[in-house]
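# Overview (structure and organization)
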Amino acid sequence: MPAQLGLARDALLGACFVDLHHPEDAERLHAAVASLQEEMVEAGLWRVKTGAGQWRPMDLRWRRVRRTQGNAVLVSIRDQSRLAGLQAERDLLRAGLRERDIHERAAGRLLDIGYWSMDQRSGALEWSSNVFKIYGVRPQTFKPNFEAYVGLVHPDDRQKVVDEYHRFSSSGETLFDFRHRIIRDDGEIVFVHGAAEL
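Residues numbered from 1 in each chain as written. Predicted model: local features only at pLDDT ≥ 70, side-chain atom pairs only at ≥ 80, totals over all residues. Heavy atoms only, no water.

### Focus: a nonpolar patch on the surface
Together, Leu-110, Leu-111 and Ile-113 give the surface a local cluster of nonpolar side chains, amounting to about 350 Å² of exposed area. Within the secondary structure, Ile-113 sits in the loop between α4 (81-111) and β4 (116-118). Classification of Ile-113 as partly exposed rests on a relative accessible area of 43%. (Patch = residues over 30% accessible without salt bridge, like charges linked within 9 Å, V, L, I, M, F, W, Y side chains within 5 Å. Areas by Shrake-Rupley, 256 points an atom, 1.4 Å probe, with all protein chains shown as cover. Salt bridge = Lys/Arg side-chain N within 4 Å of Asp/Glu carboxyl O. Helix = DSSP H or I, 4+ residues; strand = E, 2+ residues; numbered from the N terminus. Buried < 20%, exposed > 50% of the residue type's maximum accessible area, 1.4 Å probe, protein only.)

### Overview of the environment of Arg-61
Within the element layout of this structure, Arg-61 appears in strand β2 (residues 55-67). Considered as a pair, Arg-61 and Leu-45 are 16 residues apart in the sequence and their alpha carbons are 9.5 Å apart.

### Comments concerning the packing of aromatic side chains
What the rule picks out here adds up to nine aromatic pairs. Pairing Phe-168 with Phe-176 gives two aromatic rings, centres 4.8 Å apart and planes at 25 degrees, and the pair type is stacked. Phe-176 shares its class with Phe-168; the two are buried. Every member of this aromatic cluster is reached through a ring pair, and the members are Trp-127, Phe-132, Tyr-135, Phe-142 and Tyr-149. (Phe/Tyr/Trp six-rings, centres within 6.5 Å; stacked < 30°, edge-to-face > 60°.)

### Here's the deal with the nonpolar core
Core analysis: the largest hydrophobic core is formed by 19 residues, its most contacted members being Trp-127, Tyr-135, Val-137, Phe-142, Tyr-149, Leu-152 and Val-192. Of all the secondary-structure elements, those providing two or more residues to this core are β5 (125-127), α5 (129-135), α6 (146-152), α7 (158-171), β6 (175-183) and β7 (189-197). The biggest single contributor to this core is α5, with four residues. Formed by seven residues, the second largest nonpolar core is a distinct cluster that contains Leu-20, Leu-29, Val-48 and Met-58. (Core = buried A, V, L, I, M, F, W, Y, C linked by side-chain atoms within 4.5 Å.)

### Some words on the side chain of Asp-25
Mapped onto the elements of the fold, Asp-25 is located in the loop between α2 (9-12) and α3 (26-34). Of the residues examined, Asp-25 reaches a relative accessible area of 6% and is grouped as buried. Leave out the neighbours within four places in its chain, and Asp-25 touches Trp-46 and Arg-47. (Contact = heavy atoms within 4.5 Å.)

### Brief notes about the side chain of Ser-128
The residue Ser-128 is located in the loop between β5 and α5 in this model. Classification of Ser-128 by relative accessible area gives buried; the value is 8%. Not counting the four nearest positions on each side in its chain, Ser-128 is found in contact with Gly-114 and Tyr-115.

### Side note on the pattern of salt bridges
In this structure the tally under the stated criterion is four salt bridges. Of the charged contacts, one joins Arg-181 and Asp-157 as a salt bridge, the two residues approaching to 2.9 Å between their closest N and O atoms. Pair noted here: Arg-181 is in strand β6 and Asp-157 is in the loop between α6 and α7, with a separation of 24 residues, a long-range link.

Below is the structure:
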């Protein structure tokens with residue numbers, strides 16, 4: 001524990017455990033210590049003061065130890081500052097992805113475009129909501145994969161679509177452009193233009 005806090009071992013001997021915690025955590029800390037039993041308990045995240053005077057999030061586990069000289073508390077501590085930083089970074093990335101998704105949906109509605117991705121090993125497709133709309137199928141009932149997709153293609157264009165896809169897959173090229181007709185569930189024939197990049 002001294003190394004994690006940047007304190008000399010001697011500085012901790014005789015120190016009051018409560019004094020190492022953030023003042024705003026004092027009431028919660030007193031309640032937690034008062035309820036301690038003799039088994040190890042997950043105490044959660046606490047702000048603990050380092051030797052440099054900084055407050056650092058630490059994951060604590062503790063238990064009461066009965067001794068002949070009186071009770072003591074055995075504490076296990078793990079520095080969580082790196083994890084806290086990663087969680088903050090993750091939250092920022094999630095917020096950015098949500099914002100990007102909102103913009104992509106708006107562009108899709110305005111321009112009548114969608115986006116998709118494909119797992120080349122399994123053939124599974126992942127479609128944006130606008131791709132489902134363009135193809136006239138519902139995400140609840142249509143599970144996109146290459147075979148199901150070919151089933152949506154106009155019968156006169158199916159062989160061409162399959163041949164073009166296989167040619168692209170074995171060519172080593174990174175850009176794929178396609179145009180063909182599809183037939184929606186309501187019978188409407190629609191011309192689609194798509195592009196893909198590996």
